[in-house]
Amino acid sequence: MKWLLKDPSLGDMVRVKIGNIYHYGIFVSEDEVIQFGPAPNEQLNLRPEDIEVIATDIDNFLVGGFLEVADFDKKEKKKNRKPEDVAKYAQANIGRKGYSIIYNNCEHFANECVSGYASSSQTDGLRSLFRSIPIVDVFTARIPDDCKIGAVFPIERNDEINAVTNESARREKYCSWQLLKYALDRSLGLKIENISLSKDENGKWSTPSCYFSISHSHSLLAIAVSRAPVGIDIEALSAPLMPGFDEKVLTEKEKLEYASLTKENKDEYLISKWTAKEAFFKRDGKAAFIPREINIVDNELCVKSIELDSVKYFCSIATKTPEKIRFFEDIPTARFLK
Amino acid sequence: MAMPRNELKEKLFDIIQIAMPDASFDIDSLTEESDLTTDIGLSSVGVLYIVIAIEEFFGIRFDNVGFNDFKTLGDVLNYIEEKQK
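Just so we're clear, the structure is a prediction, and the values are computed from it rather than from any experiment.

For any two helices packed against each other, one specifies the inter-axial angle together with the distance between the axes. Viewed as axis vectors pointing N to C, helix 5 (residues 121-131) of chain A and helix 2 (residues 44-58) of chain B meet at an angle of 60°, and their least axial separation amounts to 9 Å. One way to sum up the angle between helix 5 of chain A and helix 2 of chain B is to call them oblique. Both helix 5 of chain A and helix 2 of chain B take part in a crossing whose hand is right-handed. Every residue of helix 2 of chain B that contacts helix 5 of chain A at Thr123, Leu126, Arg127, Leu129, Phe130 and Arg131 of chain A is listed here: Val45, Leu48, Tyr49, Ile52, Ala53, Glu55, Glu56 and Phe57 of chain B. Split into classes, the residues belonging to the contact of helix 5 of chain A with helix 2 of chain B amount to 9 nonpolar, 1 polar and 4 charged.

Rendered as structure tokens:
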């Protein structure tokens, strides 16, 4: 369907742009344009329950704007009502109420008259636009020294956590899952109880509803949630790294860079590369983690340094949109362990 | 369980930031009394956009609402709170 600036005929779907929103109607004659409610700027003093399908003349419909007429292709015309039936249907609904700006507006009504199906490209378009906004949110929180381990969803994850015999490890897994639950709701409006979660053969949990990645180091948790693939890794720089670490982690090019560094900077370089490669590995979901074969893509990486209780951490996030990352740091325990 | 109002407000401000990344207002200056049109600068399609964004985030449906139902952020919070009951 296209929109044309032309003279309307009986049964045409018409629209006018008022501000940055379109108002729709059905043309019957110059004296009769049938629409669900007046133009948006005329609705300011009306409650939705007061808005009804009305007939006005063309000038009242246009309020100074330019009339556009819907031009359907052959296929659409075949499915649509005949023009005279469109007009009759619209007239028969004069006085109808039940207006809703999102679900039953003037565009829904006009489409319903023409095709029998109520739809609104304006609201659908806005919804699609919102759903396409990249979201990459990173949450960090401390693992408390002591907390009651409650039940989590789904039951398979609950069983997994309860099967961990080491108390500290069990607490870490419980807290990370609860922080994930908080993050999913906070960032994406997703309730963990309402999404489908499953584990792959490598033990990695995922959901078709979004992407997430979990990491922890010492007493710090880090979770990334996103609408696109994401990987996160956090490591504390707390002790000198074991000899030979660089051989296992760095590419040949990185080894050259590493060799040129002072002793003080070598460990920081190694940890930042390690976390970056782990983040990419987690994001890209490869079968085997071979860090010296991973080339970091700088414009898909964000590295953040966090200091907590005199310990320095490196947190790397791998995402196609690092500029969209929002950090929510040090989430209070009471917020996610309810 | 219904979310406390201060958490709802936090989430609502998050949504506004996500939906309007290039906005000229200072998010930290927003309050419940902030007017959607004059303080936040939303046009009619902007109000519609934020309402849809809120639906997506809160998992609620804005039935029977019109363009003039929400004048301030407080009005929006009131509606969301009511929907949660």
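Moving on to the pattern of salt bridges. The full count for this structure, using the stated rule, is 34 salt bridges over all chains. Between Glu49 of chain A and Arg47 of chain A there is a salt bridge, with its nearest N and O atoms 3.4 Å apart. Of the charged contacts in the structure, one is a salt bridge between Arg326 of chain A and Asp14 of chain B, with a shortest N-O distance of 3.8 Å. With one member in each of two chains, Arg326 of chain A in strand 15 (residues 325-328) and Asp14 of chain B in helix 1 (residues 5-19) form a pair that bridges those chains. What makes Arg326 of chain A buried here is its relative accessible area of 17%. Because the salt bridges share partners, they merge into one network encompassing Asp137, Arg186, Arg326 and Arg335 of chain A together with Glu7, Glu10 and Asp14 of chain B.

It is worth spelling out the packing of helix 7 (residues 167-188) of chain A against helix 1 of chain B at this point. Between helix 7 of chain A and helix 1 of chain B, whose axes approach to 9 Å, the crossing angle comes to 55°. Viewed along their axes, helix 7 of chain A and helix 1 of chain B adopt a mutual orientation that is oblique. Along the contact surface, helix 7 of chain A presents Tyr182, Asp185 and Arg186 of chain A, while helix 1 of chain B presents Glu10, Lys11 and Asp14 of chain B. In the contact of helix 7 of chain A with helix 1 of chain B, the residues fall into 1 nonpolar, no polar and 5 charged.

Quick look at the pairing of strand 13 (residues 301-308) of chain A now. Residue and element names in this part refer to chain A. Sheet topology places strand 13 next to strand 14 (residues 311-318); 8 bridges connect them, and they run antiparallel. In the sheet register, Lys304 faces strand 14, and the bridge partner there is Cys315. Hairpin connection, strand 13 to strand 14: the antiparallel pair is bridged by 2 residues, and Asp309 has positive phi, about 50°.

What follows covers the sheet that holds strand 3 (residues 21-29) of chain A. Residues and elements named next belong to chain A. One open sheet holds the 6 strands; their spatial order is 1-6-2-3-4-5, and the pairing between them is antiparallel. Two strands bound the open sheet, and with one partner strand each, they are strand 1 (2-4) and strand 5 (53-56). If you compare each strand with its neighbour and ignore which way they point, the axes differ by 35° on average. Relative to strand 6 (residues 67-71), strand 1 runs antiparallel, the two sharing 3 bridges. Looking at strand 6, one finds that Lys2 is bridged to Asp71. Sitting on the sheet, helix 3 (residues 83-92) is in contact with strand 3, strand 4 (32-36) and strand 5, with an inclination near 110° to strand 3.

With that settled, consider helix 3 (residues 73-84) of chain B. The terminal C-alpha atoms of helix 3 of chain B, which comprises 12 residues, lie 17 Å apart, in line with the 16 Å expected from a rise of 1.5 Å per residue. Buried residues along helix 3 of chain B sit in contact with helix 1 and helix 2 of chain B.

Moving on: the environment of Ile15 of chain B. All names here are of chain B. Here Ile15 is to be found in helix 1. Taking the C-alpha atoms as reference points, Ile15 and Glu32, separated by 17 residues in sequence, lie 15 Å from one another. Look past the residues within four positions of Ile15 in its chain and what remains in contact with it is Ala53, Ile54, Phe57 and Phe58.

Overall, the prediction assigns chain B a mean pLDDT of 82, with 93% of residues at 70 or greater. Both confidence scores are given for the complex: pTM 0.80, ipTM 0.85.

Contacts between the two partners involve 28 residues from chain B and, on the opposite side, 32 residues from chain A. Summing both partners gives a buried area of about 3000 Å² for chain B against chain A, and 57% of it is carried by carbon and sulfur. Residues Arg131 of chain A and Glu56 of chain B are paired through a salt bridge, measuring 2.7 Å at the closest nitrogen-oxygen approach. Between chain B and chain A we count 9 residue pairs in polar contact (both at pLDDT 80 or more) in total. Among the elements of the structure, helix 1 and helix 2 of chain B are those that each provide at least two residues to the side of chain B that touches chain A. With 10 residues, helix 2 of chain B is the largest single contributor of residues to the side of chain B that touches chain A. Tallied by class, residues from the side of chain B that touches chain A come to 13 nonpolar, 6 polar and 9 charged.

Cut-off values and rules
Residues take numbers from 1 onward in each chain, read along the sequence in its written order. For this description, chains carry letters from A and ligands carry numbers from 1, given in the order in which they are written. Where local features are concerned, this predicted model is filtered to residues with pLDDT of at least 70; where side-chain atom pairs are given and counted, the filter is 80 or more; whole-chain, interface and lining totals use all residues. Only hydrogens and water are set aside when side-chain values are computed; all heavy atoms of the structure are taken into account. Where helices are involved, their axes are fitted lines through C-alpha atoms of the stretch in contact, as for all axes, and angles between N-to-C directions lie from 0 to 180°. Working definition: helices are DSSP H or I runs of at least four residues, strands are E runs of at least two. Numbering for both runs from the N terminus. Oblique is the label for any angle not under 35 degrees, not over 145, and not in the 65 to 115 range, which are roughly parallel, roughly antiparallel and roughly perpendicular in turn. Crossing handedness follows the turn of the near helix against the far one: under a right angle anticlockwise gives a left-handed crossing, and clockwise gives a right-handed one. The contact rule is simple, with two residues in contact once any of their heavy atoms fall within 4.5 Å. Under the scheme applied, nonpolar residues are Ala, Val, Leu, Ile, Met, Phe, Trp, Tyr, Cys and Pro; charged residues are Asp, Glu, Lys and Arg; polar residues are all the others, including Gly. Note on definitions: salt bridges are taken to be side-chain nitrogens of Lys or Arg within 4 Å of carboxyl oxygens of Asp or Glu. In this scheme, a residue with accessible area under 20% of its type's maximum is buried, one over 50% is exposed, and one in between is partly exposed, where area comes from a 1.4 Å probe on protein chains only. At least two bridges found by DSSP between two strands is the condition for calling them paired. In this scheme, a helix's expected span is set at 1.5 Å multiplied by one less than its residue total. Values of pLDDT, the confidence the predictor places in each residue, fall between 0 and 100. Once two parts are brought into contact, the accessible area they lose, counted with a 1.4 Å probe and summed over both, makes up the buried area. Think of a polar contact as two N or O atoms within 3.5 Å of one another; within protein, one of them needs to be a possible hydrogen donor and the other a possible acceptor, and neighboring residues in sequence only count if both atoms come from side chains.

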